[in-house]
Amino acid sequence: MTRHQIDPKNASASSNSTLPHPAIAVSNINSFIKVTLDIEKGQYITWSELFKIHARAYQVLDHIIPPSQEKSESSLKAKNPDLWSRVDAVVLQWIYGTISEDLLNTILERDSSAELAWNRLRDIFSDNKNSRALYLEQEFSKVQMAHFADASSYCQHLKSLSDQLSNVGAPVSK
């Protein structure tokens, strides 16, 4: 029997004899989520979508978005609370590792969980939507081609502002 196989006669063996959770194998979250969430860049929608995709792929979405009551009762949290706690710490590290230092200092709290950190970030970005939209609209209207080296840089900047406006629910009309 190999190290990762479970002996059927001893199904209640310690967690060292079972396969580890897939999330524990992720050593560098930044190679998967290439966006660093920053309050100034307004990429919350992009960052959160990439994070949710990654969480789904590594079977930890329930650490940031709790499942319904029926699913919750059959979850890893109910079956193996120690492994749940370890995986939650991994997901919390992923969140902390993909946000700016300013946001980290804003949401960092003793004995937090991935869900609490996720919700704090959501609240920060949803509370600031209106003021962020006003700021971005002003920035968009002030953009002048003369401030850019070439048309490509100018268009990229406009596209970035347009995407950020979309992310705060104020898309640029065509």
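Here the structure is a predicted model, which means the values were calculated and not measured.

Reading the values: rules and limits
Residues numbered from 1 in each chain as written. Predicted model: local features only at pLDDT ≥ 70, side-chain atom pairs only at ≥ 80, totals over all residues. Heavy atoms only, no water. Helix = DSSP H or I, 4+ residues; strand = E, 2+ residues; numbered from the N terminus. Buried < 20%, exposed > 50% of the residue type's maximum accessible area, 1.4 Å probe, protein only. Contact = heavy atoms within 4.5 Å. Salt bridge = Lys/Arg side-chain N within 4 Å of Asp/Glu carboxyl O. Phe/Tyr/Trp six-rings, centres within 6.5 Å; stacked < 30°, edge-to-face > 60°. Expected span 1.5 Å × (residues − 1). Arc of directions from axis to C-beta. Axes fitted to C-alpha atoms, helices over the stretch in contact; angles between N-to-C directions. Parallel < 35°, antiparallel > 145°, perpendicular 65-115°, else oblique. Left-handed = near helix turned anticlockwise from the far one by under 90°. Nonpolar A, V, L, I, M, F, W, Y, C, P; charged D, E, K, R; others polar.

Residue-level account of the overall build of the chain, with values.
In terms of regular secondary structure, the chain is built from eight helices and zero strands. Counted from the first residue to the last, the chain has its helices and strands arranged as α-α-α-α-α-α-α-α. The buried share among the 174 residues of the chain stands at 31%. Partitioning the contacts of the chain with sequence separation of at least 6, the portion at a separation of at least 24 is 58%.

Residue-level account of the pattern of salt bridges, with values.
The final tally for this structure, using the stated rule, is five salt bridges. One salt bridge connects Arg120 with Glu109, and the closest N-O pair in it is separated by 3.3 Å. Remark: Glu109 occurs in the loop between α5 (101-107) and α6 (114-127) and Arg120 occurs in helix α6; sequence separation between them is 11 residues. Taking relative accessible area as the criterion, Glu109 reaches 45% and is therefore assigned partly exposed. Salt-bridge contacts for Arg122 lead to Asp123; the nearest nitrogen and oxygen are separated by 3.2 Å.

Please give an account of the packing of aromatic side chains that cites residues and values.
Each aromatic ring pair is specified by the distance between its two centres and by the angle formed by the two planes. Applying the stated criterion to the full structure yields nine aromatic pairs. The interplanar angle of 45° and the centroid separation of 5.5 Å between the aromatic rings of Phe51 and Trp118 together place this pair among those described as tilted. Placement of the pair is Phe51 in helix α1 (residues 44-57) and Trp118 in helix α6, with a sequence separation of 67 residues. Residue Phe51 is classed as buried on the basis of its relative accessible area, which comes to 1%. You can call Trp118 buried: its relative accessible area is 5%. Relative to Tyr154, the ring of Phe148 has its centre 5.8 Å away and its plane inclined at 70°; by these criteria the two rings are edge-to-face. A connected cluster of aromatic rings, assembled from ring pairs, spans Phe32, Tyr44, Trp47, Phe51, Tyr58, Trp94, Trp118 and Phe125.

Which residues make up α1, and what values go with them?
Taking 1.5 Å per residue, 14 residues should reach 20 Å; α1 reaches 20 Å between its end C-alpha atoms and fits that length. Of the positions making up α1, those classed as buried are Tyr44, Trp47, Ser48, Phe51, His54 and Ala55. Looking straight down α1, one finds that the buried residues subtend no more than 125° of arc, so they occupy a single side. Structurally, α1 contributes buried residues whose contacts are with α4 (81-97) and α6. Backbone geometry just downstream of α1 places Gln59 in the positive-phi region, at approximately 60°.

How would you explain α4 if you had to name every residue and give the values?
Relative to the 24 Å expected for 17 residues at 1.5 Å per residue, α4 spans 24 Å between its end C-alpha atoms, a close match to the ideal helical length. Along α4, the residues that are buried comprise Leu83, Trp84, Val87, Asp88, Val90, Val91, Leu92, Trp94, Ile95 and Tyr96. Against the buried residues of α4 lie α1, α3 (76-79), α5 and α6.

Kindly report on the side chain of His63, identifying the contributing residues and their values.
Residue position: His63 is located in the loop between α1 and α2 (69-73). Setting aside chain neighbours within four positions, we find His63 in contact with Trp84, Val87, Asp88, Val91, Ala114 and Glu115.

Tell me about the packing of α1 against α4, residues and numbers included.
Relative orientation of the contacting elements α1 and α4 amounts to 155°, with a least axis distance of 12 Å. As judged from the angle between their axes, α1 and α4 are roughly antiparallel. Along this stretch, α1 crosses α4, giving a crossing that reads as right-handed. Contacts between α1 and α4 involve Trp47, Phe51 and His54 from the former and Val91, Trp94 and Ile95 from the latter. Broken down by class, the residue content of the contact of α1 with α4 amounts to five nonpolar, one polar and no charged.

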